[in-house]
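Report on the structure
As a plain string of letters, each chain reads:
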Amino acid sequence: QVQVVESGGGLVQPGGSLRLSCAASGSISNIYSMGWYRQAPGKERELVARIMSGSSTMYADSVKGRFTISRGNAKNTVFLQMNSLKPEDTAVYYCKCSRLGAGDYWGQGTQVTVSS
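Residues numbered from 1 in each chain as written. Predicted model: local features only at pLDDT ≥ 70, side-chain atom pairs only at ≥ 80, totals over all residues. Heavy atoms only, no water.

**Comments concerning the state of the cysteines**
In the structure shown here, the tally under the stated rule is one disulfide. A sulfur-sulfur distance of 1.9 Å marks the disulfide that ties Cys22 to Cys95. Negative torsions about the S-S bond denote left-handed disulfides, and the value of about -80° found for Cys22 with Cys95 makes this one left-handed. Separated by 73 residues along the polypeptide, Cys22 in strand E3 (residues 18-26) and Cys95 in strand E9 (residues 91-99) bring together distant segments of the chain. (Disulfide = S-S within 2.5 Å. Helix = DSSP H or I, 4+ residues; strand = E, 2+ residues; numbered from the N terminus.)

**Let's talk about the pairing of strand E4 (residues 31-39)**
The two faces of the sheet receive side chains in turn, since in a regular strand these alternate between them. Within E4, seven of the nine residues are buried, leaving the element largely enclosed by the surrounding structure. Pairing analysis gives eight bridges linking E4 to E9, with the strands arranged antiparallel. Paired with Met34 across the strands is Cys97, a residue of E9. Hairpin geometry of E4 and strand E5 (residues 46-52) is characterised by an intervening segment of six residues between the two adjacent antiparallel strands and by a positive phi of about 75° at Gly42. (Buried < 20%, exposed > 50% of the residue type's maximum accessible area, 1.4 Å probe, protein only. Pairing = 2+ DSSP bridges.)

**A closer look at the sheet that holds strand E1 (residues 2-7)**
Read across the sheet, four strands follow the order E1-E3-E8-E7 without closing on themselves; strand pairing throughout is antiparallel. At either margin of the open sheet sits one strand with a lone partner, and together these are E1 and strand E7 (67-71). Direction aside, the axes of adjacent strands within the sheet are offset by 15° on average. Pairing of E7 with strand E8 (residues 77-82), which is carried by five bridges, proceeds in the antiparallel orientation. Looking at the pairing, Ser70 lines up with Phe79 of E8. (Axes fitted to C-alpha atoms, helices over the stretch in contact; angles between N-to-C directions.)

Structure follows, in structure tokens:
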């Protein structure tokens, strides 16, 4: 059993910053990647950023240059630093932990609202 928990969401003004945290716990091993996804009302869930076990990263075009994904000292922790936030960044942000040959695990989501 694996649990994935996100935190750090909230209300921020346009141009502001937030830092999201994700931690996986439980029976975890062979983590292949951890990533952040988001879903706005009426929209499909989309990849925001992903970091692989070798520390290579991928970003959605919409967040390149503004968001940074990083790994904590523990391999099962990741952060998403979000700068220069825009109203269109408003969404529920989900963390996903992927294990090689052991499936994917999703967090419950944390709300990010960018509004004046």
